[in-house]
Amino acid sequence: VHQLSERIHDMNKMAALGTMASGIAHEIRNPLNAVQGYSELIRRQLSGDEKLSAWTTSIVAGVKEVDAIISSLLTIARPEPLHLCDFSVKELCSDAAARATEEDSSSWQIELNAPASEISGDKIKLRQALRNLIANAINVQPDGGKIRVTATVDSDRSTFLVEDSGAGFNHSTAARCREPFFTTRADGCGLGLPLVETIVRLHGGALEIDPSGSDLGGARISFWIPSNPRN
C-alpha cells in the first residue's frame, strides 16, 4: 500500500509537471530560436574575429543545452509511445558508452560486459537511458576512474547495471535522486535519472539504486525491462 501510495503521488507530480512543461515549452522555445538564429548570423558576419566568433559559438551551445533540458522535461512529463524493434544488447551498450564519452574514453577505464543476445524494446530510448547512467558515472569522476557496464539477459527480463569508482550515494541522496531537478552537482540539471526511470517504466521495468554501492567504490545503479515488451 505504501509503494502504491508513493507511485500515485509520483504520477500526480508528473501530471502537474507535464501541464507546466507543455505550457512553457512553446513560450521558451520561440525566443530561444530567435537567439540561436541571430547568433548564427552574427557569427557568420564576424568570421574574421576569433574572440567574438567564440562568444557567439558559446551562445549557440547554451541555447542547445537549454533546448535539450526542455526536451528531457517534456519526455519525463509526457513521454512518447515506444517504437519497438529487436536489437543486440552488446551493440546497445557499446553505442551508449561511445555517446556518453563523445568518442573519447581515454580518461576512464570502461569495462563492458554484455551478451550478443537480441531483445525487444525501443532502442533509441534505451540507449538514451543507458547513456545517461554512464554519463553520470563520468561526471562524478571528472579526473578519470573506473566504470563497469554489465548487461544480463534472462528468459523474462534484461538487466543493465552501471557501476563506478566515484564517491557513491549516501542513503539520503539515494532516496531523492529520482526527483526531477534534484542534483548534487553545481552544473547538473537533475533530469538524468528521472528520464531514465520514465523510459524504463514505459517498458514495464524498474530503476534500482543500491545505496550500499559497488565494489568499485562508487555508485551501483541498474534497471531492468521485460525481455519482450510486446507480450
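Right above here is the structure, for reference.
Residues numbered from 1 in each chain as written. Predicted model: local features only at pLDDT ≥ 70, side-chain atom pairs only at ≥ 80, totals over all residues. Heavy atoms only, no water.

Engineer: A description of the pairing of strand β7 (residues 220-226) should follow, citing residues and the corresponding values.
Structural biologist: Most of β7 sits inside the fold, with 6 of its 7 residues counted as buried. Bridge analysis of strand β5 (residues 157-164) against β7 gives 7 bridges, and the strand direction is antiparallel. Across the sheet, residue S158 finds its bridge partner in β7, namely I225. As defined by bridge partners, strand β6 (residues 206-209) adjoins β7 across 4 bridges and the pair is classed as antiparallel. Looking across to β7, one finds that E208 is bridged to S222. (Buried < 20%, exposed > 50% of the residue type's maximum accessible area, 1.4 Å probe, protein only. Helix = DSSP H or I, 4+ residues; strand = E, 2+ residues; numbered from the N terminus. Pairing = 2+ DSSP bridges.)

Engineer: Which residues make up the sheet that holds β7, and what values go with them?
Structural biologist: The strand order across the open sheet built from 5 strands is β2-β4-β5-β7-β6, with neighbouring strands paired in mixed fashion. Only two strands of the sheet have a single neighbouring strand rather than two, namely β2 (108-113) and β6. The sheet shows a mean angle of 15° between the axes of neighbouring strands, taken without regard to direction. Contacting β6 and β7, helix α6 (residues 192-202) crosses the sheet at an angle of about 140° to β6. (Axes fitted to C-alpha atoms, helices over the stretch in contact; angles between N-to-C directions. Contact = heavy atoms within 4.5 Å.)

Engineer: Tell me about the packing of helix α3 (residues 89-101) against helix α4 (residues 123-139), and name the residues and values.
Structural biologist: Helix packing geometry: the angle between the two helix axes and the distance between the axes. Relative orientation of the contacting elements α3 and α4 amounts to 50°, with a least axis distance of 8 Å. When the axes of α3 and α4 are compared, the pair comes out oblique. Note on packing geometry: the crossing formed by α3 with α4 is right-handed. Of α4, the residues touching α3 (which contributes E91, L92, C93, D95, A96, A97, R99, A100 and T101) are K123, L126, R127, L130, R131, I134, A135 and I138. When its residues are assigned to classes, the contact of α3 with α4 shows 10 nonpolar, 1 polar and 6 charged. (Parallel < 35°, antiparallel > 145°, perpendicular 65-115°, else oblique. Left-handed = near helix turned anticlockwise from the far one by under 90°. Nonpolar A, V, L, I, M, F, W, Y, C, P; charged D, E, K, R; others polar.)

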